[in-house]
Every structure is written in C-alpha cells, then in structure tokens.
Amino acid sequence: MRKVHHVPDLAEAARLQRRRYRELQLQSRLFDARTRTIGVDLEGLDAQINDKRIQDATRRAWDDSIAAEMKQNDKIMCILDQRQKQDTVNIGKALNEFRRNYQQPETRREFDLSDPQSLKKNMPARVADSDPRCTASGLQKFMGEDLNSENRKKCQQEQTREWLLEQQKDLTNALADRKFADGLHDAHRLELDQRAMDLQRRDEETRRAICVTTKEFNKKQAIESEEKRKLEKQQELEDNIAEISNLLKGDLLSENPQQAVSSFASHRVIPDRWKGMNQDQLKEIRDVQLQQVLEKLRLEEEERQRKAEWDRRRIQGARAELLFERHQQRQNRELRRALDNLNAQLSQDQKSRRAALDEEAYANFPSGQYYTQFNTTSR
C-alpha cells in the first residue's frame, strides 16, 4: 500500500497568517510614537458640525422648494385633466340634447316607412269614390280622371314650403345653440386659464420668498462666521502674547534643572520641562533597544524556518500528487490499449460473420417473377 503524506489545510494556514499580519500592524501603530495622536480637535469638530448644519438647512430649503414646485405642477395637471374631462362631458351632453330636441324619429321624412303604429294610423281601404288609394283593378278610379290634381299640387307645395321653413328654423336654432355652447366653453376655459395663472403667480411669489429667506439666512451666517473668526483671531493673539511672556519669564528658557522635577516623586520628571537624560539612562535605553533588535531577529529567523517548513511540505504534497497523476495516466493508457484490442477483435468477428451471412444465408435474391404474384386480385 502506497503511503500518502498528509497535506496541511492551506486555508487555515492563510487565515492564521493574516491574523498574525494584522496583529503586527496593530502593534506597529500602537507602539510608534510618531503616528500615535493623543486628544481630539474640538474646534475642528465644532466647525465641521456648523458647516454640516448649514448644508442641511440649505438642502432642506432646496428640497422644500422642489416639493412645492412638484405640488404646483400636480395641481395644474389635475386642473387641466379635469377641464378636458368636463369639456368632453359637456360636448356629449350638448350632442345628446340636440339629438333629443331636433332629431326625433318622428321628424324624419321616411318615418312612415318604419313607423310601428302605421297600421293603426292607416285609413280604411275605401272611404269614398274620390279616394286616391283606389286602384285601377278595383274599377273605382280610371286613368285620366285626376280631378284633384290642382289641390294635390298646392298641398304638396305647401308641405314642401313648411318643410323648408322647419329646416331653416332647425338650422337657426342649432347654430344659436352651438354659438351659446361655444361661448360657455370659452368662458370656462378663460376661467381655468385665469386660475392657472393665479396659481403660477403664487408659486413664483413663494419661490421669491424662499430665495429671499435663504439669502438672508446665508448673509446672517456669513456675518456670524466673520465675527467668530475675528474673536478667535483676537483671542489667539492675546494667548500668544501671554504665552511668549510666560516663556520669557519662566524656568524653561532659563534651563533650571529643578523645574523639571515632579512633585509626586523625585525620580519622576515633568515632560515639558525636562532637558534630557544622563548617560546611565541612555545606556539602559540602548541595552533595551539591543535586546529588542535581537528578539526581532530571533522572531524573523523562526518565521523564515516556519515558511521553509511550509514550502517543504507543499513541495512534497505536489510531488505526491504528480506521482499519483502519472500512475493514473499509465493505468488509463493500459485500459485504453486493452479496450482498443477488444474492439479490433470484435470488429474482425463481426466482419467474418457478415461475410458468412452474405455468402450462405443471403445468396438467393428474389427475381421479378416473385414480385408479380402480389396485388393480382381484389382481395
């Protein structure tokens, strides 16, 4: 049985390596006196907060103006949509009213052809001898005996005149109604336009008021910032003068060694008054630094050995995988060779069997006479 080396978990090793690297970075930031900062800049934070408030107020005013404009636009769109719907309804009502008043079915000239009450309204088949409905087959009236032709023509002319007068009256009424409807529509449109203009004027006044308020607010903020800056500058100047006077009169520039001794203990010093260390203290610090350098070299050597061990294990694992892969390829080639030999043998056997069938079983082919015996009867 082949012995396989255990391959370590590379993901776990990488995770441990990242954790060590982050720990080293954190130590370098904490133990480095150059990059470490103690305290917070309160004045800078206050200035940032003030700027942030000003930006928020300006953004809020701008958002309010945009919201007001959007509301105004929505109102105008609703008014226009409502006006269009009202116009459509009014036109439909006027059209239905005109049809109901001036286009009744009874007023049509051909209404008698489709009148449902025509049978009830008709006269009897015979009223008198002068009945014009009498036909020639009834022997009640003969051709050429039109005695009422003049009266009939007068009645027809009178009826035609009445129809024309009625049509003219209907046309005049329709034109008057249409003119009245157009006047109402124009008055309604003028009223809606005036309302839209009033809304637009109010919107513009609101925008101007917002702009004036924003301008006054910005001006006031600028004046306050300028006054604050002047006061800060004056206070800083006074503080600098006082500091210079204190330094000139204090023990710092006079280099008094007693002024650096702390009041809590004799071996402690005040950092801002301390002028330096003696030779023993410097030697102690150098010894500690030398120990730190040696410790760092030892850690680096251990890290290098650890990396070398990991590289050796990785190379061994890769070598084992390569040997195993070559063994698998060798086995696959042998299996493929055996399969090719088997397929060649099967192909040869199949060719031999097919040749035997062609020579022995399929030697006799049917002639044309064999096919002529089919489909010779109706059955």
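Everything quoted here is computed from the prediction, not taken from an experiment.

Analysis parameters
Residues numbered from 1 in each chain as written. Predicted model: local features only at pLDDT ≥ 70, side-chain atom pairs only at ≥ 80, totals over all residues. Heavy atoms only, no water. Helix = DSSP H or I, 4+ residues; strand = E, 2+ residues; numbered from the N terminus. Buried < 20%, exposed > 50% of the residue type's maximum accessible area, 1.4 Å probe, protein only. Areas by Shrake-Rupley, 256 points an atom, 1.4 Å probe, with all protein chains shown as cover. Salt bridge = Lys/Arg side-chain N within 4 Å of Asp/Glu carboxyl O. Contact = heavy atoms within 4.5 Å. Lys, Arg positive; Asp, Glu negative; His and termini not counted. pLDDT = per-residue confidence, 0-100. Phe/Tyr/Trp six-rings, centres within 6.5 Å; stacked < 30°, edge-to-face > 60°. Lys NZ or Arg CZ within 6 Å of the ring centre and 35° of its normal. Patch = residues over 30% accessible without salt bridge, like charges linked within 9 Å, V, L, I, M, F, W, Y side chains within 5 Å. Charge placed at Lys NZ, Arg CZ, Asp CG, Glu CD.

Overview of the overall build of the chain
The number of helices and strands found in the chain is six helices and zero strands. Each helix and strand of the chain, ordered N terminal to C terminal, gives the series α-α-α-α-α-α. Sorting the 379 residues of the chain into buried and exposed places 6% on the buried side. Within the structure as shown, the chain displays about 34700 Å² of accessible surface, and the carbon and sulfur contribution to it stands at 54%.

A short note on the pattern of salt bridges
Taken as a whole, this structure holds 21 salt bridges when the rule is applied. Note that R304 is salt-bridged to E301, the shortest N-O span being 2.1 Å. Placement of both R304 and E301 in helix α5 (residues 279-361) is noted, with a separation of three residues, approximately one turn of the helix. Judged by relative accessible area, which is 33%, E301 ranks as partly exposed. With its nearest N and O atoms 3.6 Å apart, the salt bridge here joins R314 to D311. Here R314 pairs with D311, and both are found in helix α5, just three residues apart, close to one helical turn. Looking at D311, the relative accessible area reads 36%, which means it is partly exposed. Through salt bridges that share partners, E69, D203 and R207 make up one connected network.

A word on the side chain of Q72
In this fold, Q72 is placed in helix α2 (residues 42-102). Not counting the four nearest positions on each side in its chain, Q72 is found in contact with L199, Q200 and D203.

Examining the side chain of D87
Mapping D87 onto the fold places it in helix α2. Lacking a salt bridge, the buried D87 has R83 as its closest oppositely charged neighbour, with an N-O distance of 5.0 Å. Sequence-distant contacts of D87, that is, excluding residues within four places in its chain, are made with H185 and H188.

Points about the confidence of the model for the chain
A low pLDDT means the predicted coordinates there should not be read in detail. Of all residues in the chain, 80% have pLDDT values of 70 or greater, and the mean over the chain is 81. Segment residues 1-5: pLDDT under 50, and one contact once partners within four positions in sequence are set aside and those in other chains are kept.

Describing the packing of aromatic side chains
Applying the stated rule across the entire model yields one aromatic pair. Ring geometry for F98 against Y102: centres 5.2 Å apart, planes inclined by 40 degrees, an arrangement best described as tilted. A residue pair is termed a helical-turn pair when its members lie 3 or 4 positions apart in one helix, as F98 and Y102 do in helix α2 at four residues. Here F98 falls in the partly exposed class, since its relative accessible area comes to 28%. The ring of W310 carries the charged tip of R313 above its face, separated from the ring centre by 5.9 Å.

Focus on a negative patch on the surface
Among the surface-exposed residues, E43, D46, E232, E236, E238, D239 and E243 lie close enough to one another that they form a single negatively charged patch. Elements with a minimum of two residues in the negative patch: α2 and α4 (149-249). A relative accessible area of 47% means that E243 is categorised as partly exposed.

As for a positive patch on the surface
Taken together, the side chains of R326, R330, R333 and R337 present a region of like positive charge at the surface. Within the element layout of this structure, R330 appears in helix α5.

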